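Below, each chain spelled out in residue letters.
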Amino acid sequence: MGKTLFEKIWDSHLVVEKENAPSLIYVDRHLVHEVTSPQAFDGLRMNNRSVRRPDLTIATMDHNVPTTDRSLPILDQTSAIQIQTLEKNCKDFGIKLFDITSPNQGIVHVIGPQLGITLPGSTIVCGDSHTSTHGAFGALAFGIGTSDVEHVLASQTIWLEKPEPFEIRVEGKRKNPHAVTAKDIILSIIKNIGTAGGTGTVIEYSGEGITDLSMEQRMTICNMSIEGGARAGLVAPDEKTFDYLRNRQYTPNNYDVLVEYWRENLKTDQDAKFSKTFTLHIENIAPQVSWGTNPGMTCDVTDSIPFSEDYSNGDENQKKAADKALEYMNLKSGTPMTEIKIDRVFIGSCTNARLEDLMEASKVIKGQKVSEKVRAMVVPGSQMVKKQAEEIGLDKIFIDANFEWREAGCSMCLGMNPDILLPGERCASTSNRNFEGRQGTGGLTHLVSPVMAAAAAIEGHFVDVRELDLN
Amino acid sequence: MDPFKKIKTIVTPLDQVNVDTDQIIPKQFLKLVQKSGFGKYLFFNWRYDENENQKQGFVLNDQKYQHSQILVTGENFGCGSSREHAVWALKDYGFSVIIAPSFADIFYSNCFKNGILPIKLDSKIVEELKQELGEIEVDLEHQILKTNTKKIPFNIDNHKKKILLEGLDDISQTLQFEERISQFEKQSMIPSVL
């Protein structure tokens, strides 16, 4: 029987294989950031261990860095300590660090691909659940806890039970690909399979709806695999993948030889079997907006806020969860989504802060002003994205419309830095999680695409962006 | 890590599905650089109001559960962020066992690195356990839960069971495979980053 792409990558990284028990898998790339690593380095020190492969390890600071002027000192003392700790750890253990002043600094999942560190067919781990982003390049990439960060630093390997392969086919063509985006595709998928639908699996996304997407859009899809419960999500690499990674700063010297091998080998065999399959047809999908407190609680922008009975389909626990979510979100069932007024807009995060995201959002904003009742900000995913955007004048478009134009980082996706929502503030956000308090205690998050967020900033409420001219 | 011992306490029922790690330990507490001391921040936004007074009605604020080491909760517990701080907070607070119909993958794996036993049981049984008023004994060695009236067997992977029972350090075990790791590196086609 043939193998799936995931199984091929798995098999080619087995160091110790065990039946019905975790196997030992080799790690090709280990990405490190300031929040989930200090305790791991401490563990190494306590046991007198070194980092086995500093040449396969890259660090940056993204989670709690301020997005304001980088020449100023960091005011939050605990953040400053965490950042200094990473600097010291990288120095002590010989790890390459893109620090706060580096032109390569940025969200770890944005800089990996941008620098050519992410490679097809490789295994990539990071102490961050959105490591699944790198799967867009046909890598097996997944998030790990801090104990495993320590384990990988010490041994360059990880014990893992083999996940099941889950095929998600995305079929058809979108009528308006500028209005209905990769974000809307992945939110639709999660709405359908649920936030635990992918538990224990690695998703392979395939079909015309996926191959049509650019690399940056595929990253948006794979990024949110974890929101569907899957540890990882991947897309078979194609010419778009190989072109994207060519001539990056850290693209390997023997790249063409590698590409030849990848082209031959990195695809699912015709007769391979998946444990699970789901198909989404995208011809008629609408822009999506989340209404609740997990990413599965999402509806079309043309829908109204659901009644918990309708959402839960007879499941008492789900009904309770929906009631609790509606109460937290301060929403009344039956209200049209387009009547929901917002206070804040956040365009950023590892889901939607790459150059294409900013370009698409800028089309909506050009020549317009942010609603007087709304405070809006753009946080580019990396300093390189910021620079590229400025080279084509996007910063001007956003600033002229009264958006704040910030330095790179995770920012208000998780509000570890000063960028947070105040209690009761309602935000249209291009990030990935609408959990209670995620963007600030008492903050109310609605997940949307960059164009939906931009349009909401202008109008002060959600709008169906299919009605705008985005071409 | 200390070996996992038999425990016997009442259960703390947390009647919610999809409890995410942002709720277990909110982001403002992720800035510490050590592993200890997270227990006081466990479920912070559910436990305390804006003035940091205890909220009435949240189960952890009920004195009766003060010495409970067993949390019983809904499906997909621990979803979201990979932050191991969530597990450190649960452990530091005093929980050693979490019972739910299902867990998120990364959280589940993090539990075993920190001496917490996550037990997956049928949702019907979990619902019954939430109502259980008496003490429950958790016997990992024999894979059985004992209430006053019932014995409930549970499944667990042998390797993970051994790690908990013996309090094993993963890394020292792995480093015994040094030769195989080195051999793998010799034939690997993925080059160094730098």
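Residues numbered from 1 in each chain as written. Chains lettered and ligands numbered in written order. Predicted model: local features only at pLDDT ≥ 70, side-chain atom pairs only at ≥ 80, totals over all residues.

1. Describing the sheet that holds strand 6 (residues 123-126) of chain A
All names here are of chain A.
Now for step 1: If you trace the 5 strands from one edge of the open sheet to the other, you get 5-4-3-6-7, paired in parallel fashion. Strand pairing shows two members of the sheet lacking a second neighbour, strand 5 (96-98) and strand 7 (140-143), which therefore form its edges. Looking at each pair of strands side by side, their axes are set apart by 20° on average, direction ignored.
Now for step 2: Inspection of the sheet shows strand 3 (residues 29-32) paired to strand 4 (residues 57-60) by 3 bridges, in the parallel sense. Looking across to strand 4, one finds that valine 32 is bridged to alanine 59. (Pairing = 2+ DSSP bridges. Helix = DSSP H or I, 4+ residues; strand = E, 2+ residues; numbered from the N terminus. Axes fitted to C-alpha atoms, helices over the stretch in contact; angles between N-to-C directions.)

2. Describing the domain arrangement of chain A
All names here are of chain A.
Now for step 1: According to the domain assignment, chain A consists of domain 1 (5-277) and domain 2 (288-467).
Now for step 2: Put simply, the middle of domain 1 and the middle of domain 2, counted by C-alpha atoms, are 24 Å apart.
Now for step 3: Residue-level contacts link 40 residues of domain 1 with 36 residues of domain 2.
Now for step 4: Every element with two or more residues in the side of domain 1 that touches domain 2 is listed here: helix 4 (108-114), helix 6 (182-193) and helix 8 (215-223).
Now for step 5: Broken down by element, the residue count for the side of domain 1 that touches domain 2 peaks at 6 residues, all from helix 6.
Now for step 6: Broken down by class, the residue content of the side of domain 1 that touches domain 2 amounts to 11 nonpolar, 21 polar and 8 charged. (Domains from an automatic or database assignment. Contact = placed C-beta atoms within 7 Å. Nonpolar A, V, L, I, M, F, W, Y, C, P; charged D, E, K, R; others polar.)

3. A few points about the pairing of strand 6 of chain A
On a regular strand, one side chain projects to one face of the sheet and the next to the other, so that they alternate.
All names here are of chain A.
Now for step 1: Taking every second residue as pointing to the same face, both faces of strand 6 are buried, with Thr123 and Val125 on one and Ile124 and Cys126 on the other.
Now for step 2: Relative to strand 6, strand 3 is paired through 3 bridges, and the arrangement is parallel. Each bridged residue has a counterpart across the sheet, and for leucine 31 the counterpart in strand 6 is cysteine 126.
Now for step 3: As paired strands, strand 6 and strand 7 are joined by 4 bridges and run parallel to one another. Bridged to cysteine 126 within strand 7 is glycine 143. (Buried ≥ 20, exposed ≤ 12 C-beta atoms within 10 Å, placed from the backbone.)

4. A word on the environment of B:Phe4
Residues and elements named next belong to chain B.
Now for step 1: With respect to the helices and strands, phenylalanine 4 occurs in the segment before strand 1 (7-9).
Now for step 2: When the 21 C-beta atoms within 10 Å are taken as the criterion, phenylalanine 4 is described as buried.
Now for step 3: Remark: the alpha-carbon pair of phenylalanine 4 and leucine 140, spanning 136 residues in sequence, is separated by 8.0 Å.
Now for step 4: When residues no more than four places from it in sequence are discounted, the contact partners of phenylalanine 4 are Gly115, Leu117, Leu140, Leu164 and Leu165.

5. Structural notes on the sheet that holds strand 2 (residues 11-14) of chain B
All names here are of chain B.
Now for step 1: Taking strand neighbours across the sheet as the criterion, the 4 strands line up as 2-3-4-5 in an open arrangement whose pairing is parallel. Each edge of the sheet is formed by a strand with only one pairing partner; in this case those strands are strand 2 and strand 5 (117-120). Adjacent strand axes in the sheet meet at a mean angle of 20°, parallel and antiparallel pairs treated alike.
Now for step 2: Pairing geometry for strand 2 and strand 3 (residues 70-73), over 4 bridges, is parallel. The residue of strand 3 that forms the bridge with valine 11 is isoleucine 70.

6. Regarding the packing of helix 2 (residues 38-46) of chain A against helix 5 (residues 146-155) of chain A
Residue and element names in this part refer to chain A.
Now for step 1: Where helix 2 contacts helix 5, the axes come no closer than 8 Å and their chain directions differ by 50°. The pairing of helix 2 with helix 5 is recorded here as oblique in orientation. Classified by chirality, the crossing of helix 5 by helix 2 is right-handed. Along the contact surface, helix 2 presents Gln39, Ala40, Gly43 and Leu44, while helix 5 presents Thr146, Val149, Glu150, Leu153 and Ala154.
Now for step 2: Looking at the contact of helix 2 with helix 5 residue by residue, the classes come out as 5 nonpolar, 3 polar and 1 charged. (Parallel < 35°, antiparallel > 145°, perpendicular 65-115°, else oblique. Left-handed = near helix turned anticlockwise from the far one by under 90°.)

7. Focus on the interface of chain B and chain A
Now for step 1: Taken together, the contact between chain B and chain A spans 47 residues of the former and 61 residues of the latter.
Now for step 2: Among the elements of the structure, helix 1 (21-24), helix 4 (105-112), helix 6 (158-166), helix 7 (170-174) and helix 8 (178-187) of chain B are those that each provide at least two residues to the side of chain B that touches chain A.
Now for step 3: When its residues are assigned to classes, the side of chain B that touches chain A shows 16 nonpolar, 18 polar and 13 charged.

8. Describing unusual backbone geometry
Residue and element names in this part refer to chain A.
Now for step 1: With phi around 90°, serine 349 is a residue other than glycine that occupies positive phi space.
Now for step 2: Counting through the fold element by element, serine 349 comes out in the loop between strand 15 (344-347) and helix 13 (355-365).
Now for step 3: A count of 28 C-beta atoms within 10 Å places serine 349 in the buried class.
Now for step 4: Residue serine 411 is not a glycine yet carries a positive backbone phi of 50°.
Now for step 5: Within the secondary structure, serine 411 is located in the loop between strand 17 (403-405) and strand 18 (426-429).

9. Brief notes about helix 6 of chain A
Residue and element names in this part refer to chain A.
Now for step 1: In a regular helix each residue adds 1.5 Å, so 12 residues correspond to 16 Å; helix 6 covers 17 Å between its end C-alpha atoms and thus fits that length.
Now for step 2: Burial analysis of helix 6 places 11 of its 12 residues in the buried class, the great majority of the element.
Now for step 3: All of the buried residues in helix 6 are Ala182, Lys183, Asp184, Ile185, Ile186, Leu187, Ser188, Ile189, Ile190, Lys191 and Ile193.
Now for step 4: Residue glycine 194 follows helix 6 closely and has a positive phi angle near 85°. (Expected span 1.5 Å × (residues − 1).)

10. Here we look at the nonpolar core
Now for step 1: In this structure, A:Val345, A:Met452, A:Ala453, A:Ala454, A:Ala456 and B:Ile99 are the most contacted members of the largest nonpolar core, which totals 197 residues.
Now for step 2: In terms of residue count, helix 16 (residues 450-459) of chain A provides more of this core than any other element does, 8 residues in total.
Now for step 3: When residues of this core are assigned to domains, at least three map to each of domain 1 (5-277) and domain 2 (288-467) of chain A.
Now for step 4: Contact partners of A:Met452, with chain neighbours within four places excluded, come to A:Pro287, A:Val289, A:Ala428, A:Phe462 and A:Val465. (Core = buried A, V, L, I, M, F, W, Y, C linked by C-beta atoms within 7 Å.)

11. Examining the pairing of strand 9 (residues 164-171) of chain A
Residue and element names in this part refer to chain A.
Now for step 1: The pairing of strand 9 with strand 10 (residues 201-206) spans 6 bridges and is classified as parallel. The partner of arginine 169 across the bridge, within strand 10, is serine 206.
Now for step 2: Between the parallel pair strand 9 and strand 10, the chain is carried across by helix 6, and the sense of this crossover is right-handed.
Now for step 3: With 6 bridges connecting them, strand 9 and strand 12 (residues 276-281) associate as parallel partners. When the bridges of strand 12 are listed, glutamate 171 appears paired with histidine 281. (Right-handed = clockwise from strand over helix to strand, strands pointing away.)

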